[in-house]
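Survey of secondary and tertiary structure
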Amino acid sequence: MPQQAACRPDPDTPLTEPGGSRAPAGAGLALPWLVADVGGTNARFGWVVSPARGVEHVRRFPVAGSAGPAEAVRAYLAGLPADVAAAPRRAAIAVATAVRGDRVELTNSPWAFSCAELQTDLGLASLQVLNDFEALALSLPRLRPTQWRAHGAAPVAAGTLAVIGPGTGLGVGGVVQTEAGWVALPGEGGHATLAPSDDLESEVLRHARGQWPHVSAERLLSGIGLPLLHTCVAQAEGRAPEALSAEQVVERGVAGDAACARTLDVFCALLGGFAGNVALTLGARAVFIGGGIVPRLGDRFFTSPFRARFEAKGRFSDYLAAVPTALITDTLAALAGAAFAIEQRHG
């Protein structure tokens, strides 16, 4: 009989320490494993035949192309090579929403499902469903320098690490080093109220509040928020706004369009201030930037106001100046974190 589905990992199970000489905690578990990272737009799936080999056979599917996760999993399994195809024994699925019980409803997607029913439907011995940024946070201690690009000083995997990521929505997570190992801190920080840092940003938020009574960080710092931010920046500066998609704002801004470039500057400044708030709140020793938007900015992100705004916290500016920030360049890191979640629960 399959074990009970778990929408949350057991927080009391020790985690393996990254870089240690002992075998991975999950080495003795029934294999293979299925891992997934489900956002508002895309769902990424991967296969683990050995924890030492990591995640393999990664494929991406549009969320809109499937009625729910079971259908997407079957499409993924059907596409695996014949020499590796087998029924997965365990699975960990990271989802872009808060996970509080058996029923899961994605915030920016129509997918909704029962953890127990999904486990039974897929014939799994165990299923873990966790927040997507909980999974991304679990990947942080094992990230290699080839998987990130730092603003100056390199991050060190010690203490508390934080990650924020503008994608379709805005995710926030953290991971804490304890005597038992690394423990993830899931949360919904992207829905915290966004704070302005200068007069222009105050005007931008004033215009945003004309459409939404609560302006969260996600409302402007995400794929769903960029069009609104673009409109509000134009209104705050007395310009006629042009209705553009998030993709158009990014593409035109990187290409040098003045109005879109201005939006990207404000985006990076607001993101920096928000990241600094997260660092102070968690006492983070390093802050990583994930999600799909910032990597598309290229060098522009590293010459933007992000880092200056990150540090601009008055009496704690010196404190934050010593906290490294780094952009995660590996868009598949959350899959490794999902595999680590299986290790930490069953190892």
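Here's what I pulled together on the structure shown here. In this text the structure is predicted, and so the values were computed from the model without any measurement. (Residues numbered from 1 in each chain as written. Predicted model: local features only at pLDDT ≥ 70, side-chain atom pairs only at ≥ 80, totals over all residues. Heavy atoms only, no water.)

A short note on the overall build of the protein chain
Secondary structure assignment for the protein chain yields 12 helices and 13 strands. Scaling as 2.2 N^0.38, a compact globule of 347 residues should have a C-alpha radius of gyration of about 20 Å, and the protein chain matches this with 20 Å. Taking the principal axes of its C-alpha atoms as reference, the protein chain extends roughly 65 × 40 × 35 Å. Among the 347 residues that make up the protein chain, the fraction classed as buried is 50%. (Helix = DSSP H or I, 4+ residues; strand = E, 2+ residues; numbered from the N terminus. Rg over C-alpha atoms; globule rule 2.2 N^0.38 Å. Buried < 20%, exposed > 50% of the residue type's maximum accessible area, 1.4 Å probe, protein only.)

Quick notes on the pairing of strand S4 (residues 90-95)
With six of six residues buried, S4 lies mostly within the body of the structure. The alternating pattern of S4 places Arg 90, Ala 92 and Ala 94 and Ala 91, Ile 93 and Val 95 on opposite faces, both of which are buried. Two strands pair when backbone bridges link them, and strand S1 (residues 33-38) and S4 are joined in this way by six bridges, in the parallel orientation. In the sheet register, Val 35 faces S4, and the bridge partner there is Ala 92. By the bridge criterion, six bridges tie S4 to strand S7 (residues 126-131) in an arrangement that is parallel. The partner of Val 95 across the bridge, within S7, is Asn 131. (Pairing = 2+ DSSP bridges.)

Considering the sheet that holds S4
An order of S3-S2-S1-S4-S7 is seen for the five strands of this open sheet, with the pairing classed as mixed. Among the strands making up the open sheet, the edge pair consists of strand S3 (56-62) and S7. Each adjacent strand pair in this sheet contributes to an overall mean axis angle of 15°, direction not counted. In this structure, strand S2 (residues 42-48) lies alongside S3, joined through five bridges in antiparallel fashion. Residue pairing across strands places Ala 43 opposite Phe 61, the latter belonging to S3. (Axes fitted to C-alpha atoms, helices over the stretch in contact; angles between N-to-C directions.)

Considering the sheet that holds strand S10 (residues 170-178)
A sheet is described by the order of its strands in space; here six strands give the open sequence S8-S13-S12-S9-S10-S11, paired in mixed fashion. Both edges of this open sheet fall to strand S8 (148-150) and strand S11 (181-185), since each of them pairs with a single strand only. Direction aside, neighbouring strands of the sheet carry axes that sit 25° apart on average. Strand direction decides the pairing type here: strand S12 (residues 286-289) and strand S13 (residues 325-328), joined by three bridges, are parallel. From the neighbouring strand, Val 287 faces S13, where its bridge partner is Thr 325. Along the sheet, helix H3 (residues 132-139) makes contact with strand S9 (160-166), S10, S11 and S13, crossing S10 at roughly 45°. Packed onto the sheet, helix H8 (residues 258-282) meets S9, S10, S11 and S12 and runs at close to 155° relative to S9. (Contact = heavy atoms within 4.5 Å.)

Comments concerning the environment of Arg 142
Position of Arg 142 relative to the elements: it lies in the loop between H3 and S8. Each C-alpha atom of the pair Arg 142 and Phe 340 lies 9.7 Å from the other, and the pair is 198 residues apart in sequence. At 3.3 Å, the side chain of Arg 142 forms a polar contact with the side chain of Glu 343. (Polar contact = N/O pair within 3.5 Å; in protein donor to acceptor, adjacent residues only side chain to side chain.)

What to know about a nonpolar patch on the surface
On the surface, Leu 280, Phe 316 and Tyr 319 cluster together into a nonpolar patch covering about 270 Å² of accessible area. Within the secondary structure, Leu 280 is located in helix H8. Note on Leu 280: relative accessible area 33%, which makes it partly exposed. (Patch = residues over 30% accessible without salt bridge, like charges linked within 9 Å, V, L, I, M, F, W, Y side chains within 5 Å. Areas by Shrake-Rupley, 256 points an atom, 1.4 Å probe, with all protein chains shown as cover. Salt bridge = Lys/Arg side-chain N within 4 Å of Asp/Glu carboxyl O.)

Overview of the packing of helix H7 (residues 246-255) against H8
Contact pair H7 / H8: the axes reach a minimum separation of 7 Å and the direction vectors enclose 105°. Viewed along their axes, H7 and H8 adopt a mutual orientation that is roughly perpendicular. Mapping the contact onto sequence places Gln 248, Val 249, Val 250, Arg 252, Gly 253 and Val 254 in H7 and Cys 260, Ala 261, Thr 263 and Leu 264 in H8. (Parallel < 35°, antiparallel > 145°, perpendicular 65-115°, else oblique.)

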